[in-house]
There are 2 protein chains.
Amino acid sequence: MIRPYEPRDKKRVLAILVDAFEEDPYFCRTTPLAVGMGHREAIERMLTADIDYEYSVHGRIDVACDNAAEDAPALGVALWDTPDATPGRVDQVSTAGERARIFGRNSETVMRRSRIEDSFQPRFPHWYLFVLAVGPAAQGRGVGTALLNHGLKRAGDEAIYLEATTPKSARLYERLGFVPLGRLPLFGSAGPNELAMWKAPRLKAPRDGERTPTEPSAD
Amino acid sequence: MIRPYEPRDKKRVLAILVDAFEEDPYFCRTTPLAVGMGHREAIERMLTADIDYEYSVHGRIDVACDNAAEDAPALGVALWDTPDATPGRVDQVSTAGERARIFGRNSETVMRRSRIEDSFQPRFPHWYLFVLAVGPAAQGRGVGTALLNHGLKRAGDEAIYLEATTPKSARLYERLGFVPLGRLPLFGSAGPNELAMWKAPRLKAPRDGERTPTEPSAD
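For every chain, the first residue of the written sequence is number 1, and numbering continues from 1 onward in sequence order. Chains carry letters from A onward and ligands carry numbers from 1 onward, assigned in written order. Where totals are concerned, whole chains, interfaces and linings use all residues; where local detail is concerned, this predicted model gives features only for residues with pLDDT of at least 70, and gives and counts side-chain atom pairs only at 80 or more. Just so you know, side-chain values use all the structure's heavy atoms and leave hydrogens and water out.

**Considering the overall build of chain A**
A helix here means a DSSP run of H or I that spans at least four residues, while a strand means a run of E at least two residues long, and both kinds are numbered starting from the N terminus. When helices and strands are tallied, chain A shows eight helices and seven strands. Compactness check: chain A gives a C-alpha radius of gyration of 17 Å against a globular reference of 17 Å for 219 residues, within 12% of the reference. By residue count, 51% of the 219 residues in chain A fall in the buried class. Should any heavy atoms of two residues lie within 4.5 Å, those residues are counted as being in contact. Taking as baseline every contact in chain A between residues at least 6 positions apart, the subset at least 24 positions apart corresponds to 69%. Note on method: radius of gyration uses C-alpha positions; expected globular size equals 2.2 Å times residues raised to 0.38. Note on classification: 1.4 Å probe, protein chains only; a residue is buried when its accessible area is under 20% of the maximum for its type, exposed when over 50%, partly exposed between these limits.

**Some remarks on the sheet that holds strand β1 (residues 2-4) of chain A**
Residue and element names in this part refer to chain A. Criterion used throughout: strands pair if DSSP finds at least two bridges between them. Here seven strands make up an open sheet; going across it, the order is β1-β2-β3-β4-β5-β7-β6 and the pairing mixed. Two strands bound the open sheet, and with one partner strand each, they are β1 and β6 (179-183). Strand after strand, the sheet turns through a mean of 25° between neighbouring axes, direction not considered. For helices, the fitted line uses only the C-alpha atoms of the stretch in contact; every axis is such a line through C-alpha atoms, and the angle between N-to-C directions lies from 0 to 180 degrees. Where helix α3 (residues 39-55) meets the sheet, it contacts β2 (60-64), β3 (76-81) and β4 (126-134), and its direction lies at approximately 55° from that of β3. Strands β1, β2, β3, β4, β5 (159-164) and β7 (195-199) of the sheet are contacted by helix α7 (residues 143-155), whose axis makes an angle of about 165° with β4.

**What about the sheet that holds strand β6 (residues 179-183) of chain B?**
Residues and elements named next belong to chain B. Strands sit in the order β1-β2-β3-β4-β5-β7-β6 across an open sheet of seven strands; the sheet is mixed. The two strands at the open ends of the sheet, each matched to only one other strand, are β1 (2-4) and β6. Recorded for the sheet is a direction-independent mean angle of 25° between the axes of neighbouring strands. As defined by bridge partners, strand β5 (residues 159-164) adjoins strand β7 (residues 195-199) across five bridges and the pair is classed as antiparallel. Directly across from E163, in β7, lies its bridge partner A196. Where helix α7 (residues 143-155) meets the sheet, it contacts β1, β2 (60-64), β3 (76-81), β4 (126-134), β5 and β7, and its direction lies at approximately 165° from that of β4.

**Remarks on the packing of helix α5 (residues 96-103) of chain A against helix α6 (residues 107-119) of chain A**
Residues and elements named next belong to chain A. Interhelical geometry of α5 versus α6 gives an angle of 125° and a closest axis separation of 8 Å. Classified by the angle their axes make, α5 and α6 are oblique. Across the interface between the two elements, R99, A100 and F103 from α5 touch S107, V110 and M111 from α6. Its residues placed into classes, the contact of α5 with α6 shows four nonpolar, one polar and one charged. These descriptions rest on fixed angle ranges, namely under 35 degrees for roughly parallel, over 145 for roughly antiparallel, 65 to 115 for roughly perpendicular, and the rest for oblique. Polar here means any residue outside two lists: the nonpolar Ala, Val, Leu, Ile, Met, Phe, Trp, Tyr, Cys and Pro, and the charged Asp, Glu, Lys and Arg; Gly therefore counts as polar.

**Describing the pattern of salt bridges**
Residues and elements named next belong to chain A. For this document, the term salt bridge refers to a Lys or Arg side-chain nitrogen within 4 Å of an Asp or Glu carboxyl oxygen. Under the definition given, this model contains 26 salt bridges over all chains. Salt-bridge contacts for R45 lead to E98; the nearest nitrogen and oxygen are separated by 3.0 Å. Here R45, found in helix α3, pairs with E98, found in helix α5; they are 53 residues apart in sequence, far enough to count as distant. The exposure class assigned to R45 is partly exposed, which follows from its relative accessible area of 26%. Classification of E98 as buried rests on a relative accessible area of 14%.

**Focus: the confidence of the model for chain A**
pLDDT is a per-residue confidence score from the predictor, ranging from 0 to 100. Averaged over all residues, the pLDDT of chain A equals 88, while 91% of them reach at least 70. Interface confidence in the predicted complex, given as ipTM, is 0.86; pTM for the same model is 0.89.

**Overview of helix α6 (residues 107-119) of chain B**
Multiplying 1.5 Å by the residue count of a helix minus one yields the expected span of that helix. Helix length check: α6 of chain B, at 13 residues, gives a terminal C-alpha distance of 18 Å against a target of 18 Å (1.5 Å per residue), a fit within 8%. Along α6 of chain B, the residues that are buried comprise S107, V110, M111, R113, S114, I116, E117, D118 and S119 of chain B.

**A look at the environment of R99 of chain B**
Checked against the element boundaries, R99 of chain B lands in helix α5 (residues 96-103). Residues R99 of chain B and G182 of chain B, spaced 83 residues apart in sequence, show a C-alpha to C-alpha distance of 28 Å.

**A word on the packing of aromatic side chains**
Each pair of aromatic rings taken from Phe, Tyr and Trp, with Trp reduced to its six-membered ring, is defined by centres within 6.5 Å and is described as stacked if the planes are under 30 degrees apart, edge-to-face if over 60, and tilted in the remaining cases. All chains considered together, the criterion is met by 14 aromatic pairs over all chains. Between the aromatic rings of F120 of chain A and F124 of chain B, the centroid separation amounts to 5.0 Å while the plane-to-plane angle is 45°, which identifies the pairing as tilted. Here F124 of chain B lies in the loop between α6 and β4 and F120 of chain A lies in the loop between α6 and β4, a pairing that spans two chains. Judged by its relative accessible area of 2%, F120 of chain A falls in the buried class. Taking the relative accessible area as the measure of exposure, F124 of chain B reaches 1% and is therefore buried. Among the aromatic residues, those joined into a ring-pair cluster are Y55, Y128, F130 and Y161 of chain A. We call a charge positioned above a ring when the Lys NZ or Arg CZ atom is no farther than 6 Å from the ring centre and deviates by at most 35 degrees from the ring normal. Seen from the ring of F120 of chain B, R123 of chain A lies directly overhead, with NZ or CZ sitting 5.5 Å from the centre.

**So, the nonpolar core**
Buried Ala, Val, Leu, Ile, Met, Phe, Trp, Tyr and Cys residues form a nonpolar core when they are joined through side-chain atoms within 4.5 Å. L17 of chain A together with L17 of chain B are the most contacted members of the largest nonpolar core, which totals 85 residues. Ignoring sequence-local partners within four residues, the contact set of L17 of chain B consists of L47, I51, V77, L79, V131 and A133 of chain B. Of all hydrophobic cores here, the second largest spans 22 residues; its members include L75, W127, L162 and A164 of chain A.

**Some points on the pairing of β2 of chain A**
Residues and elements named next belong to chain A. Taken across its five residues, β2 has four buried, putting it largely inside the fold. In this structure, β1 lies alongside β2, joined through three bridges in antiparallel fashion. Considered in β2, the bridge of P4 is made with D62.

Here it is in structure tokens:
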């Protein structure tokens, strides 16, 4: 079953995420810029800030469990931004303090890269799957698929954007109706780079109250 | 047959474009900002600048004719930006003079709107079909489809972005493999607004010399 994240899930959810994302290209490019701490610690602190200040407040955190019991441990987790979020805006503001503590003199570089990555998200309303991870003990049991289907169902007719980090996950997303947009920049580091993918919205005829883009400044 | 635009096509090509785009939402929203001239004249001057300073120099202009004879008149035309172009950059610089003459005190507003519209183009490499038009006498003869297929074939495995202005054209593009991204903003005017659409690239494995995004500033 899939249920919303609760504070008691935190330790377990973080363990799953840190294990899963230790080799994630995004984190591998970013954590060398952390000051005075190792790769895993930097990942954990970044993810903690993401959960505490962004996703548990403004986004959606889905947790997969075996059953509804209070003490059923999290088997997998997915972090989503909603279509109302301007890519990166919430993240940049709410996690600024912790980012400064982790990256010190490199904060500016991390911010700039993050803004560039965000700029590759289409400017049309969409859900953004930031991360999806399944704990080692629960792999091969369809937990990832269940988390994904939960997100697809909630998105309904709305678009979804995500970055596939492996050819295998890209093929899975393709089977679910995603199409490639292109590859993200590598920022000078070695590949592989993420493949940005899009699940198209089903749009009704215009002018009936659907979400349309607002008219922000172009800059 | 489809062949590249030549200067001798200009009068005919402009006539086709102006007729076709007299009711185009983009031009209908923009031309009221022209100073001291009517709707058709403003469209014609904007398109002339687009052809002279942008598409005949930096883009691709495809012309459809009945045969290869020197005097075979243009039946339809398509204007494309190449994947090397940064959306709007060429246009903004090269047509600045003429835009200032057409829009006078409103130039700034037109520039701003144009930058916003450009910002909805995905930041991944793609061909952009700016306009495709078929003259009244040639309609119903498959000229539009021939122009489109020519562009699709040239694009090969590369992505294509376009804005469908009618539900009918959106359905046609969908049959050709395009998916919706979303609707463009209306800038306060009445609808319908254009539907932005995307034909996904076929990407080879990374790191074999394919086009990847450069790393521009996020702003």
